[in-house]
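Chain by chain, the residues run as shown.
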Amino acid sequence: MAKGVNQKLKIIYLMKILLEKTDEEHSITMQEIKESLEAYGIGAERKSLYSDIESLRQYGMDIIGRQMDRTYYYSVGNRQFELAELKLLVDSVQAAKFITAKKSNELIKKIESMASKYEASKLHRQVYVAERVKTMNESIYYNVDMIHAAIGANSKITFQYFQWNVDKKMELRRGGSLYEVSPWALSWSDENYYLIAFDSLEDKIKHFRVDKMLHIEMEGSKREGKKCFDEFDMAIYTRKMFGMFGGEEQMVKIECENALAGVMIDRFGKDVAIMKKDGEHFAVIVKVAVSRQFLSWVIALGEGAKIVGPESVVEQMKKEVDRLTKQY
């Protein structure tokens, strides 16, 4: 056997060649395997390659061998991720507003590396990151890591919080003074990543956009709000928030045309109680944070939906309609 500087890595490079150059639709011959190894400075005899391929099979690789005419072909069958699963991951990265365009492209490159070069080209054709709305805060990954570390350490955190001004510059809220909260969970909602935390000063649960948090540090003292979060349901919380804008939580009754049943189920879940009113209408009673965003959501449903209770929320809707009328 010819000796090369990478000879001890032969089986690893063999695995790399099979994963990169083959899939269910593309195969490679033994001669092509030898030539590919030689490109890495590795010489190999057929007998040793047969043994290496068998070792990789025992390791768990699904290496398929089949003969066509007088030539034997090798390819990798089942992989850790199927092409459809990788496409789903790429779509998720592209759609995530909280991931910057730069990081999106980096992540997609890593996802492509889990496919053969042929399948990677199919994934690459799906990449349309540049024109999507993306966060501009590159530190979000470190933010997420720090929040997870604080949750694991049962520690409060401090941070600064910012908003964008008309000059497209960061503007610190509260004049730059630190926020101090007890982190309990992270949620991906409305295309953004949110920290769900307990604010002991106001004695309530709050949420913060992770990409708008700066200089997160573990405060050291133990988290508070455990009693609130023992009964906390993330799905219910995100369902009653509209655009993650806060408001007073109230039970609201909405009357709708039957055609909007799917809209109500999509928004409030399949367990939402639908009460038939007549042959063409039904009503739902849901607990929501009544905010301007919630009212706008109902308005956007058009004539098919109407808030009918409680009277205080009906009055809020009337005032919102009056405000819009004056504005336009």
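Higher on the page you've got the structure.
Criteria and cut-off values
- Residues numbered from 1 in each chain as written.
- Predicted model: local features only at pLDDT ≥ 70, side-chain atom pairs only at ≥ 80, totals over all residues.
- Heavy atoms only, no water.
- Pairing = 2+ DSSP bridges.
- Helix = DSSP H or I, 4+ residues; strand = E, 2+ residues; numbered from the N terminus.
- Contact = heavy atoms within 4.5 Å.
- Axes fitted to C-alpha atoms, helices over the stretch in contact; angles between N-to-C directions.
- Core = buried A, V, L, I, M, F, W, Y, C linked by side-chain atoms within 4.5 Å.
- Buried < 20%, exposed > 50% of the residue type's maximum accessible area, 1.4 Å probe, protein only.
- Parallel < 35°, antiparallel > 145°, perpendicular 65-115°, else oblique.
- Salt bridge = Lys/Arg side-chain N within 4 Å of Asp/Glu carboxyl O.
- 1 Å grid on protein atoms, 1.4 Å probe; cavity = no way out; pocket = protein on both sides within 12 Å on 5 of 7 lines; lining within 4 Å.
- Points joined across faces, edges and corners; volume = space filled by probe spheres on them.
- Nonpolar A, V, L, I, M, F, W, Y, C, P; charged D, E, K, R; others polar.
- Phe/Tyr/Trp six-rings, centres within 6.5 Å; stacked < 30°, edge-to-face > 60°.
- Lys NZ or Arg CZ within 6 Å of the ring centre and 35° of its normal.
- Expected span 1.5 Å × (residues − 1).
- Arc of directions from axis to C-beta.

Help me understand the sheet that holds strand E3 (residues 71-76), please; the structure alone is not making it clear to me.
For sheets, the rule is that strands pair by backbone hydrogen bonds, running either parallel or antiparallel. Reading across the sheet, the 3 strands line up as E1-E3-E2 and stay open at both edges, with antiparallel pairing between neighbours. Of all strands in the sheet, those with a lone pairing partner are strand E1 (28-29) and strand E2 (63-68), marking the two edges. One ladder, built from 2 bridges, connects E1 with E3; its direction is antiparallel. From the neighbouring strand, Thr 29 faces E3, where its bridge partner is Tyr 73. Against the sheet, helix H3 (residues 46-59) engages E2 and E3, with an angle of about 135 degrees to E2.

Can you help me understand the nonpolar core in this one?
Considering soluble globular proteins, one finds that nonpolar side chains tend to be buried as a cluster. Ile 147, Ile 157, Phe 159, Leu 195, Phe 208, Val 210 and Met 213 are the most contacted members of the largest nonpolar core, which totals 28 residues. Elements with a minimum of two residues in this core: helix H4 (83-95), helix H5 (101-112), helix H7 (140-152), strand E4 (155-164), strand E6 (179-189), strand E7 (192-199) and strand E9 (213-222). Beyond its immediate sequence surroundings of up to four residues, Phe 159 is in contact with Ser 177, Leu 178, Tyr 179, Val 181, Phe 208, Met 213, Leu 214, His 215 and Ile 216. In this structure, Val 252, Leu 260, Phe 282 and Val 298 belong to the second largest nonpolar core, which totals 22 residues.

How do you make sense of the packing of helix H1 (residues 10-21) against H3 when you look at a structure like this?
Think of two packed helices as two axes; the pair is described by the angle between the axes and how far apart they sit. Relative to each other, H1 and H3 sit at 75 degrees, their axes nearing to 10 Å. Taken together, H1 and H3 sit at an angle that is classed as roughly perpendicular. From H1, Lys 10, Ile 11, Leu 14, Met 15 and Leu 18 reach across to H3, where they touch Ser 48, Leu 49, Asp 52, Ile 53, Ser 55, Leu 56 and Tyr 59.

Whenever I open this one, the pattern of salt bridges confuses me. Can you help?
Oppositely charged side chains can form a pair if their charged atoms are brought close together. Counted according to the given criterion, the structure contains 16 salt bridges. Residue Lys 103 pairs with Glu 106 through a salt bridge whose shortest N-O separation is 3.4 Å. Taken as a pair, Lys 103 and Glu 106 lie in helix H5 at a separation of 3 residues, close to a single helical turn. Overlapping salt bridges bring together Asp 199, Glu 202, Lys 204 and Lys 206 as one network.

Got a minute to help me understand the pairing of E4 in this structure?
The buried count for E4 comes to 8 of 10 residues, which makes it a mostly enclosed element. Sheet analysis places E4 next to E9, joined by 5 bridges and oriented antiparallel. Among the inter-strand pairings, Gln 160 is bridged to a residue of E9, identified as Leu 214. As paired elements, E4 and strand E5 (residues 170-172) share 3 bridges and run antiparallel to each other. Bridging across to E5, Gln 163 finds its partner in Glu 171.

Mind showing me how you'd approach the pairing of strand E10 (residues 248-257) here?
Both E10 and strand E12 (residues 281-290) contribute to a ladder of 10 bridges, which runs antiparallel. The partner of Gln 250 across the bridge, within E12, is Val 288. With 4 bridges connecting them, E10 and strand E13 (residues 305-309) associate as antiparallel partners. Residue pairing in the sheet places Cys 256 in a bridge with Ala 305 of E13.

Before we go on, may I ask you to explain the layout of surface pockets in this structure?
The probe, sized like a water molecule, is rolled over the atoms to show the empty space still left. Roughly 340 Å³ of volume is contained in the second largest pocket. What lines the second largest pocket is a set of 13 residues, among which Leu 19, Arg 79, Ser 113, Met 114 and Ala 115 lie closest to the centre. Of all elements in the fold, only H1 and helix H6 (117-124) reach the threshold of two or more residues within the lining of the second largest pocket. A class-by-class count of the residues in the lining of the second largest pocket yields 5 nonpolar, 3 polar and 5 charged.

Even after reading the chapter, I still don't get the packing of aromatic side chains, so can you show me in this structure?
Aromatic ring pairs are reported here in terms of the distance separating the ring centres and the angle at which the planes meet. On inspection of all chains with the given rule, the structure shows 12 aromatic pairs. Seen in terms of ring centroids, Tyr 179 and Phe 208 are 5.8 Å apart; in terms of plane orientation they differ by 80 degrees. Their pairing is edge-to-face. Separated by 29 residues along the polypeptide, Tyr 179 in strand E6 and Phe 208 in strand E8 (residues 204-209) bring together distant segments of the chain. Here Phe 208 falls in the buried class, since its relative accessible area comes to 5%. The structure contains a cluster of three or more aromatic residues connected by ring pairs, namely Phe 159, Tyr 161, Tyr 179 and Phe 208. The lysine or arginine in question, Arg 174, covers the ring of Tyr 179, its NZ or CZ lying 3.8 Å from the ring centre.

Would you mind showing me how to read H3 here?
Turn by turn, an α-helix covers 3.6 residues, leaving residues three or four places apart pointing in a common direction. The end-to-end C-alpha distance of H3, which contains 14 residues, comes to 20 Å, matching closely the 20 Å that a straight helix rising 1.5 Å per residue would cover. Buried residues of H3: Ser 48, Leu 49, Asp 52, Ile 53 and Leu 56, and no others. The buried residues of H3 all sit within an arc of 140 degrees when viewed along its axis, so they share a single face. H3 presents Lys 47 and Gln 58 as exposed residues on the side facing more than 90 degrees away from its buried surface. The inward-facing, buried residues of H3 abut H1, helix H2 (30-39), E2 and E3. Once H3 ends, the next one or two residues include Gly 60, with phi positive near 130 degrees.

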